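Residue-level structure breakdown
What follows is each chain in one-letter form.
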Amino acid sequence: MLVSGEPGIGKSRLLSRFRQLTPTGRSRNIAVADCLPYAQRPFGAIRSLLGVLVPTVSLDELPPPLRRALIQLVPECFETARIATPTPVVLEKEDLFSALLGFLAAVCAKRATLLFIEDLHWADTSTLDFLRFVAARMDNLRLMLAATYRTEQLLSDRIFAQSIGSLERETTVRRIDLIPLTPAEIESVIIDALEGQAPISHDAIASIAKRSDGNPFYAEELLKTTLERRRSHTANALPLTIRTTILERLGALDAEERDVLSHAAVLGYHFDPAVLADVIERDRTSVLPALRKAVRHDLLIEQPGTRGGLRFRHWLTRETIYDAMLAVDARALHQRILSHLEGRPDSRDRIIELAYHASQCGDAQKALAYGEQAAENALAMRAIGEASEIITKTLPFAADDARRAHLQERLAEAYRLQGKSRAAIDALERAMEIRLVRNEYDDAAGLMHQLVAERVNVGDDDAFASLERFLSVHAERLTPPLRDRLFAFAARYASANNDFTRVRTYLTKVSPLETLEPATRLSFLIAQMNECAYEGNAPAWRAVAENFADLLPHLTPFLRTIANYTIAQTGIHLDVRSEVDRAIEAANRTTEEWGFGSLGLFGAGVEAVHAFQYGELVRARDRLERVLEKPGSGPANGLAAQVGPYLALALGDDQLALRAFHEPLFAAARSNRDISSLLALSARAAWLCSKGRPFEAVGDLRLAVNSLTRTTAECGPLLAAAARYLQIDELSAVRAFAEEHDAAAASAANAHLVEAIIAQRRGSHRQSVEEARSAATSYRHLSWPLYEAEALELAGDIHGARAIYRICGAAGHLARLSPEPSDSLSAREIEVASLVTDGLTNAAIAAALMIGEKTVEKHLGSVYRKLAVRSRAGLAAKFSKRSAG
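Residues numbered from 1 in each chain as written. Predicted model: local features only at pLDDT ≥ 70, side-chain atom pairs only at ≥ 80, totals over all residues. Heavy atoms only, no water.

**Quick look at the overall build of the chain**
Each helix and strand counted, the chain has 48 helices and eight strands in total. Considered along the principal axes of its C-alpha atoms, the chain spans approximately 95 × 80 × 45 Å. Split into buried and exposed, the 885 residues of the chain put 52% on the buried side. Taking the intrachain contacts of the chain between residues at least 6 apart in sequence as the baseline, contacts between residues at least 24 apart amount to 65%. Carbon and sulfur atoms form 52% of the exposed surface of the chain, whose accessible area is close to 39800 Å². (Helix = DSSP H or I, 4+ residues; strand = E, 2+ residues; numbered from the N terminus. Buried < 20%, exposed > 50% of the residue type's maximum accessible area, 1.4 Å probe, protein only. Contact = heavy atoms within 4.5 Å. Areas by Shrake-Rupley, 256 points an atom, 1.4 Å probe, with all protein chains shown as cover.)

Below is the structure:
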């Protein structure tokens, strides 16, 4: 196994982690060797490995040729060995290789052997030759040999490249080429490394991620420097470890070539060779040899399709070269480049370069003007990440408060579009502070609107309270349009928490709908649509949806996407599938076009719920996986927690359930107790109970039921789980909630399902079947196949349920309905099932069998699976029939 990549990409760490996870002792031989750059000796790495392996065998049992080979390479292993050593004879290469292979075969016959060689690019030729020899003859050995090497060495070392090429042609050889991490992955590396330390700013994390260019070693070294600088208040110098690596490559260039590269570094990370030639006043052809050599030594790389087509291999490569220049020389060169670029006919296309060189030569006025223009261009081109970076660099040149506030607002917009809510919050707070000091209350109100939305995204419980405080202090100072905007937004927020008394209070403070600005009208309609969904009133919902259709053309792409996802989310349980499908399609199209971050994740969560409702499990899983790539406690992850456990049960994928309801999210859900939290808690409880772990779950299920004030169509799974798993004496409350349902057709179907479950548990078989059939019929009209199949199971139509599960691809449910024969119950499982049938609780069963309650739950879960039952009542009924038979 050849592990290749650039320095710092993680080759050694990958092998180290693999070794940590590999058991040692009698079952394995593990040996590690390094190839050294300046102290090579023939068979250097092989000798190190043999030094570890020789003591693992009995030397006096080895054939003489093998011992001769070992004496030739590792004589020190024989100096203390009390055995007769053969007369030293220098073996020819072929005989030596054959003998060493025989030794490896003897070692591997006793134990599986894992050998690791670091930095193979520094290996001597003998080592490389021996590896090729072994690779061609190791098919029948219990041997794994893993080696790391730097990819760049293939360009500069012809002999090494030929050796690697020969190795890769062997059928026993595989290669892992480690590539740079994405910016998001690097940010995860940084956040993990910060665990237990004070956090650093979002801008600092983004800067490290950018400068590291996807190299985790560089990222960690830059982070260490950042933390040390924070503690010592020193300048942010480039880490010596990184400088050393880069300077090693620069050593291959002569003074004149380094001078060309220095001027390129002043031009920037990307540069145009033609501009470079103009700046240093040389013919273009005269600089190309130096650039070609820099490419060969992995200092520069070509990028076809970009202006000039060249960039530095790493940001840090360019930084190292740039920092070596005198500041006065660099500033003068930036001024010369700025003047040159301003005089070019394509200067309008080089605004970013103009802004950069203006800032570096200290021309604040030009830096601000070019920077603002470059940021707006980037936003218009949807290069959102680039826009936020440009604005951050431009901010120091803003001399007055109004300009700073404007730039902070644009920065917040860029962060918001990227889904970086916390960074957006910081920028919005800085802008709002300036606006309030300047008594610009309308501007502050617009910022408060955005600020609350972003705080909601990160699960800030104080978001709504901060809006109410702002209104109580500043409402009378606002012009009508801004006052309308905030009150409509307050109504929208309250509607998300089903507080419709407060919704109506706020909407009475808002001007007539037709007079409102588009963004304000959006909040007004969202509040109304949420209320329609809460009431289960599909006709009223459709009327609001028509108002949305009139509004959509007047909204920005971001707000238009919010509107469409709102239509989709509120319509999922209202039997308006065509409208929901259209809204999702439109929102996804805009999200993909504009690259909206957290909003796109929220849309994926909405689509996962919608697809699950209609039995489209592949699509549901695909959308759910997208959400789970970024675990958190925001709205998208809340939706994932609601649907994930049920999707996991349908697919038979327990890991999916565990990922969907990670503990931090559920800790927040237990304290929030809003409807989304209660649905997530009940979904988790249903999954745990189905796995025979009710002891961990019924508390949350009880909390969910007791926290309800009223049920809607989306509460169906919650009520079904409560009816199935709570104690018999608690089912009256569950039934009451089911009976007092809203007007949605789905709610009526849910009520029949709950009645069927309760009747089954109370032994009313005929009533249970009738209610289940009614539920199945209603779900069929709704085209909710998984719910229909669940109702058919209760009605005893296992064949019909299986047919639906098969169409949907519900492998988990199919496996549950095709259980192992009941006589496959173990003796202990039969004892547990018998005691359940006798009515004993888990605690009583544990006492009777002298085992722990957790063990009882484990056996009970296995019995549930094998007998295809979901509750104690179902188990008792099925096990009684089995016993009678």
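**A look at the packing of helix 5 (residues 93–110) against helix 6 (residues 125–135)**
The N-to-C vectors of helix 5 and helix 6 enclose an angle of 60 degrees; their axes lie 10 Å apart at closest approach. With respect to helix 6, the axis of helix 5 lies oblique. Of the two possible hands of crossing, helix 5 and helix 6 adopt the one that is right-handed. Each of K93, F97, S98, L100, L101 and L104 in helix 5 lies in contact with helix 6, whose residues at this interface are S126, D129, F130, F133 and V134. (Axes fitted to C-alpha atoms, helices over the stretch in contact; angles between N-to-C directions. Parallel < 35°, antiparallel > 145°, perpendicular 65-115°, else oblique. Left-handed = near helix turned anticlockwise from the far one by under 90°.)

**What about the sheet that holds strand 7 (residues 300–302)?**
With antiparallel pairing, the three strands of this open sheet are ordered in space as 6-8-7. Of all strands in the sheet, those bounded by a partner on one side alone are strand 6 (270–271) and strand 7. (Pairing = 2+ DSSP bridges.)

**Focus on the pairing of strand 2 (residues 28–34)**
Burial along strand 2 is one-sided: N29, A31 and A33 are buried, while R28, I30, V32 and D34, pointing the other way, are not. Pairing geometry for strand 2 and strand 3 (residues 112–118), over seven bridges, is parallel. Bridge pairing links R28 to A112 in strand 3.

**Notes on a nonpolar patch on the surface**
On the surface, M1, L14 and I176 cluster together into a nonpolar patch covering about 210 Å² of accessible area. Inspection of the secondary structure assignment puts L14 in helix 1 (residues 11–20). Look at L14 and you get partly exposed, because its relative accessible area is 36%. (Patch = residues over 30% accessible without salt bridge, like charges linked within 9 Å, V, L, I, M, F, W, Y side chains within 5 Å. Salt bridge = Lys/Arg side-chain N within 4 Å of Asp/Glu carboxyl O.)

**Structural notes on the pairing of strand 4 (residues 143–150)**
Along any regular strand, the residues point their side chains to alternate faces of the sheet. For strand 4, a buried count of seven out of eight residues is recorded, marking the element as mostly surrounded by other parts of the structure. In terms of strand pairing, strand 1 (residues 2–5) meets strand 4 through four bridges, oriented parallel. Following the sheet pairing, S4 is matched in strand 4 by Y149. A crossover links strand 3 with its parallel partner strand 4, the connecting element being helix 6, and its sense is right-handed. (Right-handed = clockwise from strand over helix to strand, strands pointing away.)

**Side note on the packing of helix 29 (residues 557–571) against helix 30 (residues 577–594)**
For the pair helix 29 and helix 30, the least separation of the axes is 8 Å and the interaxial angle reads 150 degrees. It follows that helix 29 is roughly antiparallel to helix 30 by the angle criterion. For the pair helix 29 and helix 30, the sense of crossing is left-handed. In contact with P557, R560, T561, N564, Y565, I567, A568 and G571 of helix 29, helix 30 contributes E579, V580, A583, I584, A586, A587, N588, T590, T591 and W594. Partitioning the contact of helix 29 with helix 30 into residue classes produces 10 nonpolar, six polar and two charged. (Nonpolar A, V, L, I, M, F, W, Y, C, P; charged D, E, K, R; others polar.)

**A word on unusual backbone geometry**
Where the residue is not glycine, phi is negative for most of them; where a peptide bond is considered, it is trans in most cases. If you check the backbone angles, F43 has positive phi at about 60 degrees while not being a glycine. In this structure, F43 sits in the loop between strand 2 and helix 2 (44–53). Unlike most non-glycine residues, D213 shows phi in positive territory, near 55 degrees. Mapped onto the elements of the fold, D213 is located in the loop between helix 10 (202–212) and helix 11 (216–232).

**Regarding the environment of Y415**
Structurally, Y415 can be placed in helix 21 (residues 401–418). Taking C-alpha positions, Y415 is 23 Å from L482, a pair spaced 67 residues apart along the chain. Aside from chain neighbours lying at most four places away, what touches Y415 is D203, S388, T392, K420, A423 and A424.

**Focus on the sheet that holds strand 1**
Ordered in space as 2-3-4-1-5, the five strands form an open sheet in which the pairing is parallel. Strands with a single pairing partner mark the edges of an open sheet, and in this sheet they are strand 2 and strand 5 (175–177). Within this sheet the neighbouring strands show an average axis-to-axis angle of 15 degrees, counted without direction. Each of strand 2, strand 3 and strand 4 is contacted by helix 5, which is oriented at about 125 degrees to strand 3, the strand it contacts most.

**Some thoughts on helix 36 (residues 675–690)**
Compared with an ideal rise of 1.5 Å per residue, which puts 16 residues at 22 Å, helix 36 spans 22 Å between its outermost C-alpha atoms and is within 8% of the ideal. Taken across its 16 residues, helix 36 has 14 buried, putting it largely inside the fold. Note on helix 36: the residue one or two positions beyond its end, G692, has a positive phi of about 75 degrees. (Expected span 1.5 Å × (residues − 1).)

**What to know about helix 2**
Counting buried residues in helix 2 gives seven out of 10 residues, a clear majority hidden from the surface. When helix 2 is considered as a whole, its buried residues turn out to be G44, A45, I46, R47, L49, L50 and L53. On its buried side, helix 2 packs onto strand 2, helix 3 (64–73), helix 5, strand 3 and helix 6.

**Quick notes on the packing of aromatic side chains**
As enumerated under the stated definition, the model contains 18 aromatic pairs in all. Relative to F596, the ring of W594 has its centre 6.2 Å away and its plane inclined at 15 degrees; by these criteria the two rings are stacked. Counting every residue linked through ring pairs, the aromatic cluster contains F43, F97, F130 and F133. Against the face of F116 rests R19, its NZ or CZ located 5.1 Å from the ring centre. The ring of F133 has R137 lying over it, and the distance from NZ or CZ to the ring centre is 3.8 Å. (Phe/Tyr/Trp six-rings, centres within 6.5 Å; stacked < 30°, edge-to-face > 60°. Lys NZ or Arg CZ within 6 Å of the ring centre and 35° of its normal.)

**Topic: the pattern of salt bridges**
What the rule picks out here adds up to 51 salt bridges. For R211, the salt bridge is made with E319, and the minimal N-O distance between the two is 2.6 Å. Note that R211 is positioned in helix 10 and E319 in helix 16 (residues 315–323), a separation of 108 residues in sequence. Neither residue differs from the other here; R211 and E319 are each classed as buried. Of the charged contacts in the structure, one is a salt bridge between E607 and R623, with a shortest N-O distance of 3.0 Å. Remark: R623 occurs in helix 32 (residues 617–628) and E607 occurs in helix 31 (residues 598–613); sequence separation between them is 16 residues. Of the residues examined, E607 reaches a relative accessible area of 4% and is grouped as buried. Here the salt bridges share partners, and the residues they tie into one network are R577, D581, E607, E616, R619, D622 and R623.

**Points about the confidence of the model for the chain**
Across the chain, pLDDT averages 86, with 93% of residues at or above 70. A low-confidence stretch, residues 81–86 stays under pLDDT 50, and its non-local contacts, those more than four residues away or across chains, total 11 contacts. (pLDDT = per-residue confidence, 0-100.)

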